[in-house]
Every structure is written in structure tokens, then in C-alpha cells.
Amino acid sequence: MPDIMPPVKARRGVLGFLWRYPTIAIGGALLLLMVFVAVFADFLWTVDPTALAPARRTREPSAQYWFGTDMLGRDVYSRVIYGARVSLIVGFAVALLSSAVGLLIGLVSGFVRWADGIIMRVMDGMMSIPPILLAIALMALTRGSVRNVIISITIAEIPRVSRLVRGVVLSLREQPYVEAAIAAGTRTPVIIWRHILPNTIAPITVQATYICASAMIIEAILSFIGAGTPPIIPSWGNIMAEGRALWQVKPYIVFFPAVFLSVTVLAVNLLGDGLRDALDPRMAKRI
């Protein structure tokens, strides 16, 4: 008997992968667009974002000033475009550093039984403080700069990564292949490197995307309240903070950086959701 329905051909390669996980395609495309904007900000019809022009202050969006000008006459479009650099640098740096340090702490805590109680009590104490409050407290001890913002947010995010990795390691530690390696006399560092670490890459990769999005929001909050990057460095939080006094009469000063921040955070979250579906075998879509 001939087949009533023709066989379904599975899409393979990169295009097939993106077809199966559209959230990765959409989130990745938006994030790549923001990275392109940040890297090539000098060539996107921008001007000096710190140039003052009091005679042209609070101009409405027009063909000459695409996003208008602020109360000091600075071009809002240029400031928003250059502000993408600060948010992306902070987001990527915090995600990378907190994931690396949290991975190390989680591996040691989950596999070394005697160190688990000590390390986790310290992490629990840090997790009892909301990340934004901990970041504000750390920034109060230093002066405002991008480097200090990255360090403060990283310290606030490390406990969550270490807690996640510890939970994964605790489940892996009881697997037969790990017990067999221990019985064979394999050294602990070798077991962690060969058997434990590879199985933590997937969950920590997904967690890193959410940390990246959270770091961008925390950086904007810190800059908005004056505890983040200095005002001379254009960032989305600084732009919104400077425009809040004119929100009712000149809402575009706050609107445009808020839209860019929302789109970037949405892109990172979509990418994280897609990676979770792709890397988790229980949620993977099969054709």
C-alpha cells in the first residue's frame, strides 16, 4: 500500500536547529543586532555623546535629532547608541565572571562533603540579601565606575550560580559511573574534571543568560539612582535618570533608552529559554 502521507524530512544543520528552536533564532538575532550597534556605534551617524549644546536643549525628535536632545543639548540618539556598550559589557562580564567563580565554588561544595556546610552557609548568608541591595552596599564602599559595577554585581550573583551547580553536583555524585571512578581509586580532581564538570555546562550556560539580563537591569538601576557608572559615561540608566525630571513634558528622553534596555533584556531571556529547551533532554523537541 502506498503511503498516504509523505515522510517528514527532518531539517538538519544550523537552519534546522534554528527552525526547531525559534526563540534561539529570535533572541540571538536581537542580541547580535545590539552587539553590532555597540561595536559600530562610531559609524552609525552618531556624534559625541558628551558634547554640550545649551542652545539646542530639549529638542523634539526630528530628522536632525532622531531621538531629540536632553536638557543639556546632548543628542539622545548618540547617547543611547553608546550606552549599549556599557550595558553589554556589564552583562557579559558579570555573566562570565559569576559563572566561573560560582562553578568553582559549586563543584568544591557539592563534591567535597566536609567543605559543603561551611561554603553553603556563607552563600546562604549572601543570598539572604537581595542582589540590588548588596550591589548598592558594595558600590557605596567604592567610587562609581564600570569596573566597580561589574565587581559588585558579580559578587551579588555568585551565590545563585554556586547553589545551582552544587545541586547538580550532588545528583551527579551518586551516579554509578562516579562511584565506579571512586572505587577505582581515581583522584578527586580527575573525577571532577572528567565526570562532573562536563555535565554542569548545560545548566550553567542557561543560568548565565539570565544572569546577563539581570546584570543589565541592576546596572541600569544603580546608574538611575546615582550609584553606578559616573554621569560622564553615557549609559541607559544615566540617560533615564537625567530625563526623569522632564518625564511629563519630554518623555522621549526616558522612552528611547528604556526601549533599548527592554529589547536587549528580552533578547537575552529568549536566548536563555531556547537554550534551556535545546540542552535539556526532557524538554527537547524531536521531529
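Being a predicted model, the structure only gives us computed values, none of them experimental.

This next bit is on the side chain of Asp70. Tracing the sequence through the fold places Asp70 in the loop between helix 2 (22-39) and helix 3 (76-111). The buried category is assigned to Asp70, whose relative accessible area is 2%. Polar contacts involving the side chain of Asp70 include one to the main-chain amide nitrogen of Gly73, which spans 3.0 Å. From its side chain, Asp70 meets the backbone nitrogen of Arg74 in a polar contact 2.7 Å long. Ignoring anything within four residues of it in the chain, the contact list for Asp70 reads Arg57, Thr58, Val76, Arg79, Glu242 and Ile253.

Time to look at the environment of Asp48. With respect to the element layout, Asp48 can be found in the loop between helix 2 and helix 3. Once the C-alpha coordinates of Asp48 and Asp116 are considered, the two residues, 68 residues apart in sequence, prove to be 52 Å apart. In terms of polar contacts, Asp48 uses its side chain to reach the side chain of Thr50, at 2.9 Å.

Of note in the backbone geometry, Trp45 takes a positive phi value of approximately 55° without being a glycine. Within the fold, Trp45 resides in the loop between helix 2 and helix 3. Note on Trp45: relative accessible area 68%, which makes it exposed. Even without a glycine there, the phi angle at Thr58 is positive, about 50°. Considering the arrangement of structural elements, one finds Thr58 in the loop between helix 2 and helix 3.

As annotated by UniProt and renumbered to match this structure, "transmembrane region" (unreviewed entry) occupies residues 24-47, 88-112, 118-141, 210-233 and 253-272. Along residues 88-112 one finds 96% helix and 0% strand; the C-alpha atoms at either end are 35 Å apart. With 100% helix and 0% strand, the stretch residues 253-272 has end C-alpha atoms that lie 30 Å from each other.

With that out of the way, let us pick up helix 4 (residues 113-127). In this model helix 4 runs 21 Å from its N-terminal to its C-terminal C-alpha over 15 residues, within 8% of the 21 Å that 1.5 Å per residue would give. Among the residues making up helix 4, those that are buried are Ala115, Asp116, Met120 and Met123. In this structure, the buried side of helix 4 is in contact with helix 3 and helix 6 (146-172).

Turning to the confidence of the model for the chain, a few remarks are in order. Here the chain averages 85 in pLDDT, while 92% of its residues score no lower than 70. Within the chain, the element-level pLDDT minimum falls on helix 1 (residues 13-20), averaging 71, and the maximum on helix 3, averaging 92.

As a further point, take a nonpolar patch on the surface. A cluster of nonpolar side chains, contributed by Leu33, Phe36, Val39, Phe40 and Phe43, occupies part of the molecular surface with about 520 Å² of accessible area. With respect to the helices and strands, Phe43 occurs in the loop between helix 2 and helix 3.

Residues of helix 5 (residues 131-140) that are buried: Pro131, Leu134, Ala135 and Met139. Projected down its long axis, helix 5 carries its buried residues within an arc of 135°, all on one side. In the core, the buried residues of helix 5 are packed alongside helix 4, helix 6 and helix 8 (188-224).

Note that Ser152 resides in helix 6. Separated by 2.9 Å, the side chain of Ser152 and the backbone oxygen of Val149 make a polar contact. The residues contacting Ser152, other than those within four sequence positions of it, are Ala135, Leu138, Met139 and Leu222.

The rules behind the values
Residues numbered from 1 in each chain as written. Predicted model: local features only at pLDDT ≥ 70, side-chain atom pairs only at ≥ 80, totals over all residues. Heavy atoms only, no water. Helix = DSSP H or I, 4+ residues; strand = E, 2+ residues; numbered from the N terminus. Buried < 20%, exposed > 50% of the residue type's maximum accessible area, 1.4 Å probe, protein only. Polar contact = N/O pair within 3.5 Å; in protein donor to acceptor, adjacent residues only side chain to side chain. Contact = heavy atoms within 4.5 Å. UniProt positions renumbered as here; feature names shortened; annotations may be inferred. Expected span 1.5 Å × (residues − 1). pLDDT = per-residue confidence, 0-100. Patch = residues over 30% accessible without salt bridge, like charges linked within 9 Å, V, L, I, M, F, W, Y side chains within 5 Å. Areas by Shrake-Rupley, 256 points an atom, 1.4 Å probe, with all protein chains shown as cover. Salt bridge = Lys/Arg side-chain N within 4 Å of Asp/Glu carboxyl O. Arc of directions from axis to C-beta.

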